[in-house]
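Examination of the molecular architecture
As a plain string of letters, each chain reads:
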Amino acid sequence: GPRRKTEAAVAMLNRMTTNAAEQLITLLVSCPDRRGIVAGLAQLLAGHGVNILDSDQHTDRDEGLFFQRIRCDLAEMTTDRGTLTRALDEVAERFSMNMQVAEAKQKKRVAIFVSKYDHCLYDLLLRHRSGELNCDLALIISNHPDLEATAKQFGIDYHLVQKTRETKAAQEAVELELLKSYQIDLVVLARYMQILSDSFVAQHKNRIINIHHSFLPAFVGSKPYHRAHERGVKLIGATAHYATATLDEGPIIEQGVTRCSHRDAVPDLIRKGRDLEKFVLAQAIRWHLQDRVSVYGNKTVVFELPSSLRRRAGS
């Protein structure tokens, strides 16, 4: 009947999409700026029959650094993967490049750390269920039991790892072992109200995304909405950044703001801020999953979608 035909069509489309993704790779390149980089990479890829689907670049003239993101289709490649890899290694050495190669078929595995606030967690779970976040959401870790039922509702493993000042080191060792056993590529701190140790952060450098409920560098630390209210600000914000050893000072990926006024009490600021937190965190995660973020020093280059494509993608 019609239903069976529809299911068959959907299954065929999924197979076609999967097969197409098997052949897609993304190159993220950074190196000292000099002539010939773009031409060198383009000629190399064309010489191997690789089709460049889109490319974006940026030069930081103050630092003398060049950045590029190239998304490629290998479906009609005239050589093999090993030969292409060796050629890329050679050009990377010639230009002193830091080059990351990501394959679309290898979804990143994500762990969410959360405490009691559930708004960011629910938002990410719903976005993931709808297919908006292209990743394997493998694990939720919390220092409270409150959100275990939520994890079960979405079919995701939940681990309660409670901490005190005396047990922090031992419990972090438990968390790190969980991340290793689940083969986690990205850690998301979805309003996780614990400070990670320097050692923990170092082991996952540029792979921990935190959401801070203010427009950094304003109102670093705890209770930023209360302090914003005391200061009488007219804008409040949220900031998604990579976690570093220095609290709330890691490389910024995305920020957002919304207006407020003298009529807004602290609960109003919190309500407005939570909407921002959800959107900003999801946007930063999406860009990381799409290999759109290059980190250098304490800054990032974010290769955003062109505005026309961004409207179509709903991002």
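Above this note sits the structure.
Below: a short report on this structure. Since the structure is predicted, the reported quantities are computational estimates derived from the model, not experimental observations.

For the rest of this paragraph, the subject is the side chain of Asp123. Within the fold, Asp123 resides in helix α4 (residues 119-129). Side-chain polar atoms of Asp123 contact the side chain of Arg127, separated by 2.6 Å. What Asp123 contacts, discounting residues up to four positions off in sequence, is Lys278 and Ala282.

Residues of strand β8 (residues 186-189) alternate between two faces, with Leu186 and Val188 on one and Val187 and Leu189 on the opposite face, all of them buried. Relative to β8, strand β5 (residues 109-114) runs parallel, the two being bridged by four bridges. Bridge pairing in β8 places Ile112 opposite Val188. Bridging between β8 and strand β9 (residues 208-212) involves three bridges; their strand directions are parallel. Bridge pairing links Leu189 to Asn210 in β9. Tracing the backbone out of β8, into helix α7 (residues 198-203) and back to the parallel element β9 gives a crossover that is right-handed.

Turning next to a nonpolar patch on the surface. Where nonpolar side chains cluster on the molecular surface, the patch consists of Phe215, Leu235 and Val257 and spans about 250 Å² of accessible area. Looking at the secondary structure, you find Val257 in strand β11 (residues 252-259).

About the thresholds
Residues numbered from 1 in each chain as written. Predicted model: local features only at pLDDT ≥ 70, side-chain atom pairs only at ≥ 80, totals over all residues. Heavy atoms only, no water. Helix = DSSP H or I, 4+ residues; strand = E, 2+ residues; numbered from the N terminus. Polar contact = N/O pair within 3.5 Å; in protein donor to acceptor, adjacent residues only side chain to side chain. Contact = heavy atoms within 4.5 Å. Buried < 20%, exposed > 50% of the residue type's maximum accessible area, 1.4 Å probe, protein only. Pairing = 2+ DSSP bridges. Right-handed = clockwise from strand over helix to strand, strands pointing away. Patch = residues over 30% accessible without salt bridge, like charges linked within 9 Å, V, L, I, M, F, W, Y side chains within 5 Å. Areas by Shrake-Rupley, 256 points an atom, 1.4 Å probe, with all protein chains shown as cover. Salt bridge = Lys/Arg side-chain N within 4 Å of Asp/Glu carboxyl O.

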